[in-house]
Amino acid sequence: MTRALLLLGLTLAMLLGSTLGCGGGSPKGGKSLTQQYQDALKIADASQRARKLAALAKSHKAAGDVIGVGTTLAAAKEAALAVKDPGSKSSALINVAEASASLDQSPDDIKSLLREAGKALETVKDPDARVPLLADLAAATGKHLKNQTAAAAHLKTAEESAAEITGSVTKVMALTKVAVAYGKLDSSADAERVLTGATE
């Protein structure tokens, strides 16, 4: 009887240990969110660090750790801003903005992230890299900021930049992404126009 009670107690302790605690607990025997956060901060590449932290913020939200969400997203933004390559910086900032939007963060925070992404994009000279990023920026601006005018301006710039792409396959892929972005803005006529031009 005593042995049975002891086993029951150990089982309950194991179950409680695996489920209690939002930030410090170890879900399913893995690393706790606190440990994962500390590991993410050690990632040398700033772009990868930003993306890892942005993804980790969603885990904090799932665990009900509101403070952890804010802390992790702040670290993700800091990492994204530290990226040296302008194209990678813009991409990382858009990624963090998307994560922030999905986690119901302040519209001002999202706007700030996308504004910084736009600034970084201004120094991206390679049209092969610039066009897809402009399309992503436009889609995020339209979806999360509800600013169709600014989104359309980004896509117009993307189309102009696509004209500079020399590789036919790369150009088609870039324009296809622009068309998809137009579709996300509920501008089917523009999406069809760009797709038609891409395949001519």
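Everything numeric here is computed off the predicted structure, so don't read it as measured data.

Asks: Explain the overall build of the protein to me, using residue names and the numbers behind them.
Replies: A tally of helices and strands in the protein yields 10 helices and 0 strands. The helix and strand sequence of the protein, counted from the amino end, reads α-α-α-α-α-α-α-α-α-α. The 200 residues of the protein split such that 38% are buried. By sequence separation, contacts in the protein at least 24 residues apart represent 50% of the contacts at least 6 residues apart. Carbon and sulfur atoms form 58% of the exposed surface of the protein, whose accessible area is close to 11,300 Å².

Asks: Describe in detail unusual backbone geometry, supporting the description with residues and values.
Replies: Phi is positive for Lys146, which is not a glycine, with a value near 55°. For Lys146, the location among the structural elements is in the loop between helix H7 (127-144) and helix H8 (148-162). Its identity is not glycine, yet Asp186 carries a phi of approximately 60°, on the positive side. Within the secondary structure, Asp186 is located in the loop between helix H9 (168-184) and helix H10 (188-199).

Asks: Residue-level account of H8, with values.
Replies: Spanning 15 residues, H8 covers 21 Å between terminal C-alpha atoms, matching the ideal 21 Å at 1.5 Å per step. Among the residues of H8, Ala151, Leu155, Ala158, Ser161 and Ala162 are the ones counted as buried. Buried positions in H8, seen along its axis, are confined to an arc of 115° and lie on one side of it. Facing away from the buried side of H8 by over 90 degrees, the exposed positions are Thr149 and Lys156. The opening residue of H8 is Asn147, an N-cap whose side-chain oxygen sits 3.4 Å from the backbone nitrogen of Thr149.

Asks: I'd like a rundown of the pattern of salt bridges, residues and numbers included.
Replies: Taken as a whole and judged by the stated rule, the model has 7 salt bridges. Between Asp136 and Lys177 there is a salt bridge whose closest N-O contact spans 3.2 Å. One end of the pair, Asp136, is in helix H7; the other, Lys177, is in helix H9, and 41 residues separate them in sequence. On the basis of relative accessibility, which here comes to 28%, the residue Asp136 falls in the partly exposed class. Judged by relative accessible area, which is 33%, Lys177 ranks as partly exposed.

Asks: Lay out the layout of surface pockets in plain terms, naming residues and giving numbers.
Replies: Approximately 180 Å³ is the volume found for the largest pocket. Residue lining of the largest pocket: Lys111, Leu114, Arg115, Gly118, Lys119, Glu122, Leu137, Thr141, Leu145, Asn147, Ala150 and His154, and that is the complete set. Among the secondary structure elements, those contributing two or more residues to the lining of the largest pocket are helix H6 (107-121), H7 and H8. Examining the composition of the lining of the largest pocket, we find that 5 residues originate from one element, H6, more than from any other. Within the lining of the largest pocket, the residues separate by chemical class into 4 nonpolar, 4 polar and 4 charged.

Asks: Let's hear about the nonpolar core: which residues, and what values?
Replies: Grouped together as the largest cluster of nonpolar side chains are 52 residues, with contacts concentrated most on Val96, Leu114, Val131, Leu155 and Val178. Not counting residues up to four positions away in its chain, the partners in contact with Val96 are Ala50, Ala54, Leu73, Ala76, Lys77, Ala80 and Leu113.

Asks: With reference to specific residues and values, describe the packing of helix H3 (residues 46-62) against helix H4 (residues 66-81).
Replies: In a pair of packed helices, the angle between the axes and the distance between the axes together describe the arrangement. Relative to each other, H3 and H4 sit at 165°, their axes nearing to 8 Å. Looking at the two axes, H3 sits roughly antiparallel to H4. Judged by the twist between their axes, the crossing of H3 over H4 is left-handed. Facing H3, whose interface residues are Ala46, Arg49, Ala50, Leu53, Ala54, Leu56, Ala57, His60 and Lys61, H4 presents Gly68, Val69, Thr72, Leu73, Ala75, Ala76, Ala79 and Ala80.

Parameters and conventions
Residues numbered from 1 in each chain as written. Predicted model: local features only at pLDDT ≥ 70, side-chain atom pairs only at ≥ 80, totals over all residues. Heavy atoms only, no water. Helix = DSSP H or I, 4+ residues; strand = E, 2+ residues; numbered from the N terminus. Buried < 20%, exposed > 50% of the residue type's maximum accessible area, 1.4 Å probe, protein only. Contact = heavy atoms within 4.5 Å. Areas by Shrake-Rupley, 256 points an atom, 1.4 Å probe, with all protein chains shown as cover. Expected span 1.5 Å × (residues − 1). Arc of directions from axis to C-beta. Polar contact = N/O pair within 3.5 Å; in protein donor to acceptor, adjacent residues only side chain to side chain. Salt bridge = Lys/Arg side-chain N within 4 Å of Asp/Glu carboxyl O. 1 Å grid on protein atoms, 1.4 Å probe; cavity = no way out; pocket = protein on both sides within 12 Å on 5 of 7 lines; lining within 4 Å. Points joined across faces, edges and corners; volume = space filled by probe spheres on them. Nonpolar A, V, L, I, M, F, W, Y, C, P; charged D, E, K, R; others polar. Core = buried A, V, L, I, M, F, W, Y, C linked by side-chain atoms within 4.5 Å. Axes fitted to C-alpha atoms, helices over the stretch in contact; angles between N-to-C directions. Parallel < 35°, antiparallel > 145°, perpendicular 65-115°, else oblique. Left-handed = near helix turned anticlockwise from the far one by under 90°.

All quantities given are derived from atomic positions and should not be read as evidence of function.
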